[in-house]
Amino acid sequence: MTNLYLVRHGETYDNARQILQGQVQGELNATGISQAEQVRDALAHVAVDAVVASDLWRSIQTARIVAAPHGLEVTTTPLLRERDWGDFTGRYIPDLSSVKDWPDNVEPLPQLLDRARRFLEFLRTTFPGQTVVAVGHGIVNKAIQAVLLGKQMNEVERMKNAEVRVFDV
């Protein structure tokens with residue numbers, strides 16, 4: 001069984017401005033760097049075998065900070081990328097609350113959940129019996145938890161920036 005420390009990346013400039021980032025790279029702001037350092041310090045005592053991150057810059061930045069005391073390189077995977085929000089990407093999030101018709105180019109929920117399943121299978125086969133820190137994003141992390149817990153997406157509480165949740169996979 002793989003021990004998973006699932007982490008959401010630290011706050012970015014766009015998070016602070018409530019801009020929907022989707023699969024754009026993003027960059028941690030000062031708060032996000034501080035949040036990543038807090039995760040680093042909280043996990044410094046954990047015997048971590050591997051650190052995996054989304055291939056988007058905001059997750060890589062967070063993962064590198066967390067991996068530093070363990071002397072580990074960060075493995076990246078597109079399986080941990082945030083949901084592709086298509087034409088919603090770059091939009092002010094509060095403006096989207098009343099939108100009823102979503103663009104056709106938003107990643108479909110079944111596809112996102114399949115990606116979450118493939119990520120969990122990647123963990124099980126690549127890191128069996130190991131402790132892995134995985135740094136992802138708000139919605140993909142929610143999908144991973146929905147798959148793990150056998151719940152619907154709306155039954156899983158969204159993670160805050162730099163929040164950590166622990167699971168046996």
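Because the structure is predicted, anything quoted here is derived from the model rather than measured. (Residues numbered from 1 in each chain as written. Predicted model: local features only at pLDDT ≥ 70, side-chain atom pairs only at ≥ 80, totals over all residues. Heavy atoms only, no water.)

## Comments concerning the pairing of strand S3 (residues 74–77)
Selection rule: DSSP-based pairing: two strands are paired if at least 2 bridges between them are found. The helix and strand labels rest on DSSP assignments: H or I over at least four residues marks a helix, E over at least two residues marks a strand, and numbering proceeds from the N terminus. The crossover handedness rule: strands pointing away from the viewer, path from first strand over the helix to second strand clockwise, crossover right-handed.
Across four bridges, the pairing between strand S2 (residues 50–54) and S3 is parallel. Pairing of Ser 54 across the sheet is with Thr 77, part of S3. Considered for its hand, the β-α-β crossover made up of S2, helix H3 (residues 57–67) and S3 is right-handed.

## Digging into the packing of helix H4 (residues 109–126) against helix H5 (residues 138–149)
For clarity, the cut-off: For helices, the axis comes from a line fit to the C-alpha atoms of the stretch in contact; other axes are also lines fit to C-alpha atoms, and the angle between any two N-to-C directions lies between 0 and 180 degrees. Here roughly perpendicular refers to angles of 65 to 115 degrees, roughly parallel to angles under 35, roughly antiparallel to angles over 145, and oblique to all remaining angles. In what follows, a contact means two residues having at least one pair of non-hydrogen atoms within 4.5 Å. Under the convention adopted here, Pro, Cys and the residues Ala, Val, Leu, Ile, Met, Phe, Trp and Tyr are nonpolar, Asp, Glu, Lys and Arg are charged, and Gly plus all remaining residues are polar.
Contact geometry of H4 with H5 gives a least axis separation of 8 Å together with a crossing angle of 70°. The angle between H4 and H5 falls in the class roughly perpendicular. Facing H4, whose interface residues are Leu 112, Leu 113, Arg 115, Ala 116, Arg 117, Phe 119, Leu 120 and Arg 124, H5 presents Ile 139, Val 140, Ala 143, Ile 144, Ala 146, Val 147 and Leu 148. Looking at the contact of H4 with H5, its residues break down into twelve nonpolar, no polar and three charged.

## A word on the environment of Ala 68
The following threshold applies: We call a residue buried when its accessible area falls under 20% of the maximum for its residue type, exposed when it is over 50%, and partly exposed in between, using a 1.4 Å probe and counting protein chains only.
The residue Ala 68 is located in the loop between H3 and S3 in this model. Given the relative accessible area of 51%, Ala 68 is considered exposed. Separated by 69 residues in the primary sequence, Ala 68 and His 137 have C-alpha atoms spaced 20 Å apart.

## Description of the pattern of salt bridges
Side-chain pairing between opposite charges can occur once the charged atoms of the two side chains come close. Rules: Between Lys or Arg on one side and Asp or Glu on the other, a salt bridge is scored when a side-chain nitrogen of the former is within 4 Å of a carboxyl oxygen of the latter.
This model, assessed by the stated rule, comprises seven salt bridges. Measuring nitrogen to oxygen at the nearest pair gives 2.9 Å for the salt bridge that ties Arg 40 to Asp 41. Note on Asp 41: relative accessible area 48%, which makes it partly exposed. We note a salt bridge from Asp 55 to Arg 81, for which the minimum N-O separation is 2.7 Å. On the criterion of sequence distance, the pair formed by Asp 55 in the loop between S2 and H3 and Arg 81 in the loop between S3 and H4 is long-range, its members being 26 residues apart.

## Here we look at the sheet that holds strand S5 (residues 164–168)
Read across the open sheet, the five strands follow the order S3-S2-S4-S1-S5; overall the sheet is mixed. Looking along the sheet, the strands with just one partner apiece sit at the ends: S3 and S5. Each strand axis lies, on average, 25° off the axis of its neighbour in the sheet, ignoring direction. Against the sheet, H5 makes contact with strand S1 (3–8), strand S4 (131–136) and S5, and its axis sits at roughly 150° relative to S1, the strand it touches most.

## Points about the nonpolar core
Going by this rule: Among buried residues, the Ala, Val, Leu, Ile, Met, Phe, Trp, Tyr and Cys ones that are joined through side-chain atoms within 4.5 Å form a nonpolar core.
Membership of the largest hydrophobic core comes to 30 residues, with the highest contact counts inside it found for Leu 4, Leu 6, Phe 119, Leu 120, Leu 123, Ile 144 and Met 153. Counting only elements with at least two residues in this core, the list comes to S1, S2, H4, S4 and H5. With six residues, the top contributor of residues to this core is H4. Here Leu 120 is in contact with Leu 4, Ile 144, Val 147, Leu 148 and Val 169, once residues within four sequence places are set aside. Of all hydrophobic cores here, the second largest spans 14 residues; its members include Leu 43, Val 48, Val 66 and Ala 67.

## A few points about the pairing of S1
Burial within S1 is extensive, with five of its six residues counted as buried. In terms of strand pairing, S1 meets S4 through six bridges, oriented parallel. In the strand pairing of S4, Asn 3 is matched with Thr 131. Looking at chain direction, S1 and S5 are connected through five bridges and run antiparallel. Bridge pairing links Tyr 5 to Val 166 in S5.

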